[in-house]
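Single-letter residue listing:
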Amino acid sequence: MTQEFPTLTNDLLLRAARGEQTERAPVWVMRQAGRYLPEFRKTRETHEFFEICRSPTLATEITMQPIRRYAGLLDAAIIFSDILVVPQAMGMEVIMNPGPHFTDPLNTPADVEKLPREVDVEKELGYVFEALTLTRKTLAGQVPLIGFSGAPWTLMMYMIEGGGSQTRQKSKTWLFKHPEASKQLLERITDICVQYLIGQVNAGAQLLQVFDSNAGDLSPYDFSTFSLPYLKRIADEVREGLKVRQLPVVPLTLFAKGASPSLAASAGYDTIGLDWTLDPRDVAKVTDGIIDGRTITLQGNLDPVVLYGGREAIEREVKRMCSAFHDARRGACKAWIANLGHGITPGVDPEDMKFFLECVHKYSAVPSS
Ligand code: CP3
């Protein structure tokens, strides 16, 4: 490690991600630093989205907002950034308006040739590394810091669609019409993700999550062809690169939303994130013994919309979620990490988020046997 950081006092997340059974489930929430928080909206009044990402002090401030508000309740911080900083590093212009918008998306495989062959990750994404280092110091060891990247398929989809899209028609057409050019693009994105994730650990990230949020748009065959090989390359090459650079081999999490859990589990990550359509008991049956007999930790998976349902529903559904993960744990997986099944949305009352966290603390506690 190139730098000294304060000692970690709450390592529940890291223990669970390594497969250890913990006294209660660690909990964090995707998009925990986001528009549902009034303090986030206040910062956004005077700062553009990517301006915040590019400023280590602002990114640290935003990352810390939920940690301060929910002190003692959240078990991890996730660095404030976006998956689309990778296409930006590849020379593409992206603005947030209010969703992401690419000014010049890829239309044909010839457009890929216009992107620079070599990307200097340290130079293009050094601001994320600085933000991670500053955040890790600011956290003072309270909770671990999560770094992340988009997965190659999800990033390719945005680079071709130019923003969100209902049908993914443009990007999926590439897969069927130009499979070889698609693979070349996916390889190029993968190369950057690997360097980017290794750089994040060097800068202070203690766990890495790869977001393949659009995995569910692909059939199992297409996911196996156009996503899985690159996800595997990331897991293998990040672990190898960390060893070579004598950096800690941190736990890796894959959130492949909508993908078949047995395929996602075969990518070789320590933890797989589940969305709310999956029952952890079913998933546990297929995740046992996939990698060298090692059990995989599961993360998830409350439907984010439950947070609009009022206290009674939140308590009931968290209880249900905890008992499903507890049953799953008696089977294949020894540990789990509580989260929503996707990101928290802008209209949630921050007090309801607090109640959700309190319920997880209460109902995920392991009954003494
Ligand atoms: O989880 C966290 O708190 C860390 C920060 C984070 C953001 N985006 C902040 C953000 C992370 C991990 C992401 C990942 C991300 N970004 C994904 C993968 C996860 C997922 O949700 O599926 C994707 C697909 C993106 C691309 C992206 N960025 C979209 C589609 C949007 C618009 C979404 C919306 O809610 O309207 C964004 C914007 C974005 N990224 C916001 C935040 C807090 C809201 C933008 C704003 O402040 O105006």
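Predicted model only: the values in this text are computed from it and were never measured.

**Here's the deal with helix α4 (residues 56–69)**
Phase 1: Counted at 1.5 Å a residue, the expected span for α4 with its 14 residues is 20 Å, and the 20 Å between its end C-alpha atoms agrees.
Phase 2: Counting buried residues along α4, ten of its 14 residues qualify, which places the element largely inside the surrounding structure.
Phase 3: Of the residues making up α4, those classed as buried are P56, L58, A59, T60, I62, T63, M64, Q65, P66 and I67.
Phase 4: Turning to α4, the residues buried within the fold contact α2 (38–46), α3 (49–54), β1 (77–78) and α7 (121–139).

**Considering the environment of V112**
Phase 1: Mapping V112 onto the fold places it in helix α6 (residues 109–112).
Phase 2: Here V112 falls in the buried class, since its relative accessible area comes to 7%.
Phase 3: For V112 and P152, which are 40 residues apart along the polypeptide, the C-alpha to C-alpha distance reads 14 Å.
Phase 4: When residues no more than four places from it in sequence are discounted, the contact partners of V112 are L106, W174, L185 and R188.

**Here we look at the pattern of salt bridges**
If charged atoms from side chains of opposite charge come close, those side chains can pair.
Phase 1: One pass over the structure, following the stated rule, counts 21 salt bridges.
Phase 2: With a closest N to O distance of 2.9 Å, R24 and D75 form a salt bridge. Of this pair, R24 sits in the loop between α1 (12–17) and α2 while D75 sits in the loop between α4 and β1, and the two are 51 residues apart along the sequence. Of the two residues examined, R24 and D75, each falls in the buried class.
Phase 3: The closest approach of N and O atoms between E187 and R233, which form a salt bridge, is 2.4 Å. One end of the pair, E187, is in helix α10 (residues 179–203); the other, R233, is in helix α12 (residues 228–244), with 46 residues separating them in the sequence.
Phase 4: Among the charged side chains, a salt-bridge network with shared partners connects D11, R15, E20 and E23.

**Some remarks on the UniProt feature "domain: Uroporphyrinogen decarboxylase (URO-D)" (unreviewed entry) in the chain**
Phase 1: As annotated by UniProt and renumbered to match this structure, "domain: Uroporphyrinogen decarboxylase (URO-D)" (unreviewed entry) occupies residues 26–35 and 146–162.
Phase 2: As a span, residues 26–35 carries 0% helix and 0% strand, and end to end its C-alpha atoms are 23 Å apart.

**Some remarks on helix α14 (residues 280–287)**
Phase 1: Buried residues of α14: P280, V283, A284 and T287, and no others. The arc enclosing the buried residues of α14, seen along the axis, measures out at 105°, which places them on a common side.
Phase 2: The opening residue of α14, the one whose side-chain oxygen lies 2.8 Å from the backbone nitrogen of R281, is D279.

**Some words on the packing of aromatic side chains**
Remark: the centre distance and the inter-plane angle together describe each pair of aromatic rings, the angle taken between the planes.
Phase 1: Overall, the coordinates contain seven aromatic pairs when judged by the stated rule.
Phase 2: A centroid spacing of 5.7 Å and a plane angle of 55° characterise the contact between F40 and F80, whose relative ring orientation is tilted. Remark: F80 occurs in the loop between β1 and α5 (85–89) and F40 occurs in helix α2; sequence separation between them is 40 residues. In this pair, the class of F40 matches that of F80, namely buried.
Phase 3: Taking the centre distance of 6.3 Å and the plane angle of 80° together, the rings of F211 and F255 count as edge-to-face. Taken together, the residues span a long stretch of sequence, with F211 in strand β5 (residues 207–212) and F255 in strand β6 (residues 252–256) at a distance of 44 residues. F255 matches F211 in its accessibility class, with the two residues each being buried.

Rules and cut-offs
Within any chain, residue numbers begin from 1 and follow the written order of that chain's sequence. For this predicted model, a pLDDT threshold of at least 70 governs which residues receive local features, and a threshold of 80 or more governs which side-chain atom pairs are given and counted, while totals over whole chains, interfaces and linings are taken from all residues. Derived side-chain values reflect all non-hydrogen atoms in the structure, with water molecules and hydrogen atoms excluded from consideration. Strands are runs of DSSP state E lasting at least 2 residues, helices are runs of H or I lasting at least 4, and numbering of each runs from the N terminus. To estimate how far a helix should extend, the number of its residues minus one is multiplied by 1.5 Å. Only protein chains enter the accessibility calculation, which uses a 1.4 Å probe; a residue whose area is less than 20% of its type maximum is buried, one above 50% is exposed, and one in between is partly exposed. The criterion used for residue contact is that any of the two residues' heavy atoms lie within 4.5 Å. Whenever a carboxyl oxygen of Asp or Glu lies within 4 Å of a side-chain nitrogen of Lys or Arg, that contact is scored as a salt bridge. UniProt positions are given in the numbering used here, feature names are shortened, and annotations may be inferred rather than shown by experiment. It is the directions from the helix axis to the C-beta atoms that the arc portrays. Here a polar contact is taken to be a pair of N or O atoms separated by no more than 3.5 Å, where protein atoms must pair a possible hydrogen donor with a possible acceptor and residues adjacent in sequence count only if both atoms sit in side chains. Stacked, tilted and edge-to-face pairs are distinguished by plane angle, under 30 degrees for stacked and over 60 for edge-to-face with tilted covering the rest, among Phe, Tyr and Trp rings (Trp via its six-membered ring) whose centres lie within 6.5 Å.

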